[in-house]
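Remarks on the overall topology
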Amino acid sequence: MSSDSQKLDQIAVDAATASDAPDCSSDDEVNRFAELTDAFLEELRRGGSSDIDAYAAQFPEYAERLRRLLRTLVMMERAGEQTGVPGGVPGGGTAAALNRTTLPEQIGDFRIVRRVGVGGMGVVYEAEQLTLGRRVALKVLPGEFAGSSNRVSRFRRAAQLHHTNIVPVFGTGEDGGLLFYAMQFIDGLSLADAIRTVKPGRSDSTSSASECDQAGAAIDQARAAIDWLGKPPLSGSTIGVPSSYFHQVALLVQQAADGLAYAHRAGIVHRDIKPANLLVDRTGRLWITDFGLARQHDSGLTQTGDIVGTLRYMSPEQLVNETDERSDVYSLGMTLYELLTLQPALDATDNASLLKQVSDGVPCRPRSIQPHIPRDLETICLRCIEKEPSLRYQSATDVFEELSRFLRDEPILARPINWLGRLARWRRRNPTIAALTGGLVVVFVAGFIGVWTQWQRAEGQKELAENREVDARLSSETAQREEQRARRSELAEQAARKRESDLLFLARMNLMAHNWENADIGPMEHLLDQTGQDLDEHPR
């Protein structure tokens with residue numbers, strides 16, 4: 001493999017694993033990730049090796065996620081050993097935590113109730129803040145965060161945001177080397193869970209049983225949120241299409257756009273908008289969570305080459321660490337696409353292919369997957385996910401206002417892209433290929449014009465020769481006709497003269513007969529002489 005290909009694969013891995021949650025495409029992958037985590041912790045408890053890097057290197061597809069999570073879990077394991085708390089690791093490992101067995105009893109001022117989720121950038125618990133007696137969501141970050149002032153600053157900035165669609169961050173803290181921050185606990189589920197639940201082919205009973213096993217009492221809130229969201233139509237269905245589903249999707253994304261617009265006005269870009277970071281409570285309110293990757297404009301808190309975000313929802317410019325509020329608009333559009341079609345806009349399953357799709361892939365039009373999607377909603381979605389930032393909505397406020405027009409049944413400002421617009425966008429995305437193609441087209445057109453010109457010239461010469469031949473033939477035929485006409489005229493003159501001579505002869509004969517009867521011999525002799533001369537000149 002070439003060095004360029006290796007670097008491309010590494011960028012794809014770094015980008016895909018910088019997300020808070022493992023980017024697993026199936027329950028089997030999640031279970032496999034949990035098994036690998038459990039195996040390392042069991043070996044550690046038996047006195048085995050604690051070399052996280054060496055262990056993670058054995059499983060390249062999970063390596064980065066294992067490194068991030070295991071560092072946190074090992075620190076919590078050791079903290080548990082020092083404090084005498086059994087099973088210091090949250091739930092005694094990932095799989096055990098899923099079944100809510102052993103849990104850390106307390107972290108700082110927070111009593112742990114249950115584990116909500118786990119990802120490459122930390123573990124989230126439902127907890128009770130003892131001093132205030134309030135229910136919170138507590139996120140424990142990987143150990144490396146404790147030594148990173150930049151990353152800590154990102155979370156502390158998020159605590160400054162106060163909006164009805166942004167999960168409030170109550171504060172941050174550190175306990176035994178573990179960095180954590182507390183947020184408002186949202187009774188509901190993420191849009192990622194909602195998509196999996198309402199996706200065709202997955203029954204409600206199966207979904208409910210799985211969620212009961214994993215989250216206990218949270219299933220009631222999840223079901224309430226799903227009932228509010230409504231059931232989408234099956235792809236290709238033409239009967240009983242609930243337009244309310246698309247209305248609710250637009251309303252959800254509108255709320256997300258409103259929250260992002262507020263954060264952007266505060267100078268903060270989220271940089272990791274995706275279904276998993278958008279929560280819906282039982283009342284239908286959407287909450288944006290996890291500003292852990294947030295960046296403040298011109299803050300310099302992200303180092304050069306620090307690619308962050310979840311690759312499947314990441315804007316192309318994030319691959320080169322050039323982000324602004326339009327990057328969040330793109331990610332929000334990718335989320336809208338998935339809500340409308342119930343499948344991701346980019347469908348690659350490996351990091352290298354997914355990276356190429358992020359860079360220059362063009363998703364299918366949503367209506368080609370689900371024909372019942374309103375055209376205006378498709379247009380809004382496609383405008384958000386333009387590869388070129390200048391072609392997108394320029395702010396989350398623009399998206400909010402456009403969705404508001406849609407919800408009020410008013411004309412939207414964006415117009416569908418015609419084939420010329422799509423061709424122009426393809427040229428901007430692929431300048432080299434476009435230049436080569438353009439050159440080939442010019443050569444082909446020039447060659448075609450040259451051949452066509454020569455052919456036209458040859459055809460002209462051929463036509464000229466044919467015309468000359470026709471002219472010569474016509475001239476010959478005309479001459480023949482003139483000759484025939486002259487011959488006929490001559491014959492007619494001869495016939496006229498003969499008739500005149502015949503008539504004169506008859507007149508003389510009649511006159512001689514008259515002279516004979518009158519015995520007038522003199523004139524008769526003269527007439528005979530004239531008649532003899534005529535006979536000599538014109539014999540009969």
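The rules behind the values
In this numbering scheme, every chain counts its residues from 1 along its sequence in written order. Since the coordinates come from a predicted model, pLDDT governs what is reported: local features require at least 70, and pairs of side-chain atoms require 80 or more to be given and counted, while whole-chain, interface and lining totals use all residues. Excluding hydrogens and water, the side-chain values take into account all heavy atoms of the structure. The term nonpolar core refers to a set of buried residues drawn from Ala, Val, Leu, Ile, Met, Phe, Trp, Tyr and Cys, joined through side-chain atoms within 4.5 Å. Relative accessibility thresholds used throughout: buried, under 20% of the residue-type maximum; exposed, over 50%; partly exposed, between the two (1.4 Å probe, protein chains only). For helices the rule is a DSSP run of H or I covering at least 4 residues; for strands it is a run of E covering at least 2, with both sets numbered from the N terminus onward. Residues count as neighbours in contact if any of their non-hydrogen atoms are within 4.5 Å of one another. To define axes, lines are fitted to C-alpha atoms, for helices over the stretch in contact only, and angles between the resulting N-to-C directions are given on a 0 to 180 degree scale. For classification purposes, an angle smaller than 35 degrees is called roughly parallel, one larger than 145 roughly antiparallel, one from 65 to 115 roughly perpendicular, and anything else oblique. Any two rings among Phe, Tyr and Trp, with Trp reduced to its six-membered ring, count as a pair given centres within 6.5 Å; such a pair is stacked if its planes are under 30 degrees apart, edge-to-face if over 60, and tilted if neither. Across the chain, each position has a pLDDT score giving the predictor's confidence in that residue, from 0 to 100.

A look at the nonpolar core
Nonpolar side chains in soluble globular proteins generally cluster together in the buried interior. Of all hydrophobic cores here, the largest spans 58 residues; its most connected members are L332, L340, L377, I380 and V399. With 11 residues, the single largest contributor to this core is helix α10 (residues 243-265). The contacts of I380, once residues within four sequence positions are left out, are L336, Y393, E402, L403, F406 and I412. In terms of nonpolar packing, the next biggest core, distinct from the first, is built from 13 residues, V123, V136, V140 and L178 among them.

Some words on the packing of helix α14 (residues 375-384) against helix α15 (residues 396-407)
At a minimum axis separation of 10 Å, α14 and α15 run at an interaxial angle of 170°. Between α14 and α15, the interaxial angle falls into the category roughly antiparallel. Between α14 and α15, the residues in contact are D376, L377, I380 and C384 and V399, E402, L403 and F406, respectively.

Side note on the packing of aromatic side chains
One pass over the structure, following the stated rule, counts five aromatic pairs. For the ring pair Y245 and F246, a centre distance of 5.5 Å and an interplane angle of 70° mean the geometry is edge-to-face. Taking the relative accessible area as the measure of exposure, Y245 reaches 1% and is therefore buried. The buried category is assigned to F246, whose relative accessible area is 2%.

So, the confidence of the model for the protein chain
Keep in mind that low pLDDT regions are not for reading the predicted coordinates in detail. Per-residue confidence for the protein chain gives a mean pLDDT of 74, with 67% of residues at or over 70. Across residues 298-308, confidence stays below pLDDT 50; counting only partners more than four residues off in sequence or on other chains, it has 26 contacts.

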